[in-house]
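# A look at the structure
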Amino acid sequence: MIELTVLGCSGSYGAPAGGNCSGYLVRAGNATFWMDCGNGTLAALQRHADVADIDAVIITHAHPDHCVDIYGLHVLNRYGLERLGLPVFAPEGVEKTLTHLVGDWGGAFDWREVGDGDTAAVKGVDLAFSRTDHPPPTVAVEVAHDGRRMIYTADTGPEWSVDAFAPRADLVLSEATYRHDDIRVPIHLSARQAGEQARAAHARRLVITHLWPTLDPAASVAESAEAFGADVTLAAPDLKLTI
Ligand SMILES: [Zn+2]
Ligand SMILES: [Zn+2]
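Since the model is a prediction, treat every value here as computed from it, not as a measurement.

## Things to note about the overall build of the protein
Secondary structure assignment for the protein yields five helices and 14 strands. The principal-axis extents of the C-alpha atoms in the protein amount to approximately 50 × 40 × 30 Å. For the protein, with 243 residues in total, the buried portion stands at 56%.

See below:
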């Protein structure tokens, strides 16, 4: 069983209501992951989990809306829980970027750089990474346990697709920043593209996230569902899904 809890899902900057940026709590088997640490998500994490139970952190890329709250975890682990060496899986550039901000981590984390095609295992849960189409080195993440698979696209433009992983994932959590008739900088997907990609990869369930905060989410869901050919779930703060 894999359980996904949304800690924040606002695209690129915080929305006025419930607007944490990207962050997810993932429980699979006996393992607990904090996947992306966008602004606001450490507070939300503490409402859904005991921070001492986190087995590893996964950061998809160095954009602040996906990583800045790890600063708070560093303080809590180092001075509160006195827990050092927590594994952090992140692509090239994340540790360096955050070190400019934090300076001395004091051994709080065990940084493990991951890139395209890399795999890892934590407490019997398999992780796999794929480099997406997004300016700073960015990895999509597959979490697999006991025959269940969840894929998180992270941020990506249309030149990468979820079909980089095996088809028929039980759940695809896809960014869907834009509406298709108003694609700004093409480093993100539209809701339609998210639906098309998930359909091509035969995803069993599609959850869209990282919507630009001023968009009408119902319209994005409708656009995505039409392309996917089935119902689509909208990520929302505190939403919990089990596969
Ligand atoms: Zn983002
Ligand atoms: Zn980004």
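## Examining the coordination of the zinc ion (ligand 1)
Protein ligation of the zinc ion (ligand 1) involves Asp 65 (OD), His 66 (NE2), Asp 155 (OD) and His 210 (NE2), the donor distances falling in the range 2.1 to 2.2 Å. Geometry at the zinc ion (ligand 1) is irregular, judged from the four donor atoms that bind it and their angles of 86 to 162 degrees at the metal. Counting residues between consecutive donors of the zinc ion (ligand 1) along the chain gives the motif D-H-x88-D-x54-H. A separation of 3.5 Å is found between the zinc ion (ligand 1) and the zinc ion (ligand 2), both of which receive a donor from Asp 155. Here Asp 155 lies in the loop between strand 10 (148-152) and strand 11 (171-175) and His 66 lies in the loop between strand 4 (56-58) and helix 2 (70-80), a separation of 89 residues in the sequence. Of the two residues, His 66 and Asp 155, neither departs from the other in class, the shared state being buried.

## Description of the nonpolar core
Counting residues in hydrophobic clusters, the biggest one holds 31 residues, and the most contacted among them are Phe 33, Met 35, Phe 89, Leu 127, Phe 129, Val 143 and Met 150. Apart from the residues lying within four places of it in its own chain, the contact partners of Phe 129 are Ile 58, Phe 89, Val 114, Gly 115, Asp 116, Gly 117, Asp 118, Ala 120, Val 139, Ala 140, Val 141 and Phe 165. Counting residues in each nonpolar core, the second largest holds 26 residues, with Cys 67, Ile 70, Leu 73 and Val 102 among its members.

## Here's the deal with a negative patch on the surface
Together, Glu 92, Glu 95, Glu 113, Asp 116 and Asp 118 give the surface a local cluster of negative charge. Looking at the element boundaries, Glu 92 is found in the loop between strand 5 (86-90) and helix 3 (94-102).

## Overview of the confidence of the model for the protein
In the predicted model, the protein carries a mean pLDDT of 97, and the fraction of residues at 70 or more is 100%. Ranking the helices and strands of the protein by mean pLDDT puts strand 4 first, with 99, and helix 3 last, with 96.

## Points about the pattern of salt bridges
Applying the stated criterion across every chain yields a total of ten salt bridges. The shortest N-O distance in the salt bridge between Glu 3 and Arg 27 comes to 3.3 Å. Taken together, the positions of Glu 3 in strand 1 (residues 2-8) and Arg 27 in strand 2 (residues 23-28) put the pair 24 residues apart, joining distant regions of the chain. Taking the relative accessible area as the measure of exposure, Arg 27 reaches 26% and is therefore partly exposed. Where Arg 78 meets Asp 104, a salt bridge forms, and the shortest distance between an N and an O atom there is 3.3 Å. Note that Arg 78 is positioned in helix 2 and Asp 104 in the loop between helix 3 and strand 6 (109-113), a separation of 26 residues in sequence. For Arg 78, a relative accessible area of 21% translates into the label partly exposed. Each of Arg 148, Asp 170 and Arg 204 takes part in a single network of salt bridges with overlapping partners.

## Some points on the layout of surface pockets
One number sums up the size of the largest pocket: a volume of about 260 Å³. What lines the largest pocket is a set of 18 residues, and nearest its centre among them are Cys 9, Ser 10, Leu 211, Pro 217 and Ala 235. Here the lining of the largest pocket is composed, by residue class, of 13 nonpolar, five polar and no charged. Lining the second largest pocket, in full, are Ser 12, Thr 177, Tyr 178, Arg 179, Asp 182, Arg 184, Val 185, Ile 187, His 188, Trp 212, Thr 214 and Leu 215. For the lining of the second largest pocket, the per-class residue count stands at five nonpolar, four polar and three charged.

## Description of the side chain of Thr 153
Residue placement: Thr 153 occurs in the loop between strand 10 and strand 11. Accessibility expressed as a relative area gives 1% for Thr 153, which makes it buried. Of the polar contacts made by the side chain of Thr 153, one reaches the backbone nitrogen of Glu 175; its length is 2.9 Å. Once you skip the residues sitting within four places of it in the chain, Thr 153 turns out to touch Thr 132, Ala 140, Trp 160, Val 172, Leu 173, Ser 174 and Glu 175.

Reading the values: rules and limits
Residues numbered from 1 in each chain as written. Chains lettered and ligands numbered in written order. Predicted model: local features only at pLDDT ≥ 70, side-chain atom pairs only at ≥ 80, totals over all residues. Heavy atoms only, no water. Helix = DSSP H or I, 4+ residues; strand = E, 2+ residues; numbered from the N terminus. Buried < 20%, exposed > 50% of the residue type's maximum accessible area, 1.4 Å probe, protein only. Donors = N, O, S within 2.8 Å, 3.2 Å for Na, K, Ca; no water. Tetrahedral: all angles 85-135°; square planar, octahedral: opposite > 155°, others 65-115°. Core = buried A, V, L, I, M, F, W, Y, C linked by side-chain atoms within 4.5 Å. Contact = heavy atoms within 4.5 Å. Patch = residues over 30% accessible without salt bridge, like charges linked within 9 Å, V, L, I, M, F, W, Y side chains within 5 Å. Areas by Shrake-Rupley, 256 points an atom, 1.4 Å probe, with all protein chains shown as cover. Salt bridge = Lys/Arg side-chain N within 4 Å of Asp/Glu carboxyl O. Lys, Arg positive; Asp, Glu negative; His and termini not counted. Charge placed at Lys NZ, Arg CZ, Asp CG, Glu CD. pLDDT = per-residue confidence, 0-100. 1 Å grid on protein atoms, 1.4 Å probe; cavity = no way out; pocket = protein on both sides within 12 Å on 5 of 7 lines; lining within 4 Å. Points joined across faces, edges and corners; volume = space filled by probe spheres on them. Nonpolar A, V, L, I, M, F, W, Y, C, P; charged D, E, K, R; others polar. Polar contact = N/O pair within 3.5 Å; in protein donor to acceptor, adjacent residues only side chain to side chain.

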